[in-house]
Amino acid sequence: MSIYDFEVKDSDGNMQSLKEYEGKVLLIVNSATKCGFTPQYNELTEMYNEFKDEGFTILDFPCNQFGNQAPGTGAEIKETCRVKFLVQYPIFDKIDVNGENADPLYTYLKKEQPFKDITGKGARKLKLALKVMNRNYKDNDDIKWNFTKFLVDREGNVVQRFEPTEDLNDVKEKIKELL
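Conventions and cut-offs
- Residues numbered from 1 in each chain as written.
- Predicted model: local features only at pLDDT ≥ 70, side-chain atom pairs only at ≥ 80, totals over all residues.
- Heavy atoms only, no water.
- 1 Å grid on protein atoms, 1.4 Å probe; cavity = no way out; pocket = protein on both sides within 12 Å on 5 of 7 lines; lining within 4 Å.
- Points joined across faces, edges and corners; volume = space filled by probe spheres on them.
- Nonpolar A, V, L, I, M, F, W, Y, C, P; charged D, E, K, R; others polar.
- Phe/Tyr/Trp six-rings, centres within 6.5 Å; stacked < 30°, edge-to-face > 60°.
- Helix = DSSP H or I, 4+ residues; strand = E, 2+ residues; numbered from the N terminus.
- Buried < 20%, exposed > 50% of the residue type's maximum accessible area, 1.4 Å probe, protein only.

Draft legend 1. Layout of the layout of surface pockets. Its volume calculated, the largest pocket comes out at about 210 Å³. The wall of the largest pocket is formed by Gly36, Phe37, Pro39, Gln40, Glu43, Lys121, Pro164, Thr165, Glu166, Asp167 and Leu168. Of the residues belonging to the lining of the largest pocket, the class tally is four nonpolar, three polar and four charged. Estimates place the volume of the second largest pocket at around 160 Å³. Taken together, Phe66, Asn98, Leu130, Met133, Asn134, Tyr137, Asn140, Asp142, Ile143, Lys144 and Trp145 make up the full set of residues lining the second largest pocket. For the lining of the second largest pocket, a count of residues per class yields six nonpolar, three polar and two charged.

Shown next, in the form of structure tokens:
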């Protein structure tokens, strides 16, 4: 099984094969338009614009599982992202990333890159919040919050997982290495 074996729904509800992205470096992110990490859209857009001509793209999957911070339909979220954050990379339909209704793509991503730790600026605050919600949050590979990112190389290998608090400059450096 590889990343290219998955089909996902676009923001209009149409099925799309990830095989369309074969040969590209991908950053797959679960997002939310009403989250404390939402300003990352600006940095992600800059990253996308900087590297898109070198074979890089971001695949954005809105998720409402963390504090109901992704309200609205997939199409409404896409419109907000296009207008407010000038996002031009693909935005897919809203999905679940954890639990019994988790999208199969995210089940695969979590298996390929299990949870290690939350690091970076704001890590302490996020860890405290997670601990309040679930003392044992470290004991599974679930997505912990919005804006968790998975980096995929040109061959479709899921090479790294970045938690929401990790410095996007570190993400950018890893993308450069793969390009």
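From this point, things continue past the structure.
Draft legend 2. View of the packing of aromatic side chains. Under the criterion given, the structure shown has ten aromatic pairs. Ring centres of Tyr41 and Phe147 lie 5.3 Å apart, and the angle between their planes is 85°; this geometry places the pair in the edge-to-face category. Linking Tyr41 in helix H1 (residues 40-51) with Phe147 in the loop between helix H4 (123-133) and strand S5 (149-152), this pair joins segments that are 106 residues apart in sequence. Grouping residues by exposure puts Tyr41 and Phe147 together as buried. Measuring from centroid to centroid gives 4.6 Å for Phe61 and Phe92, while their planes differ by 10°, and the two rings are stacked.

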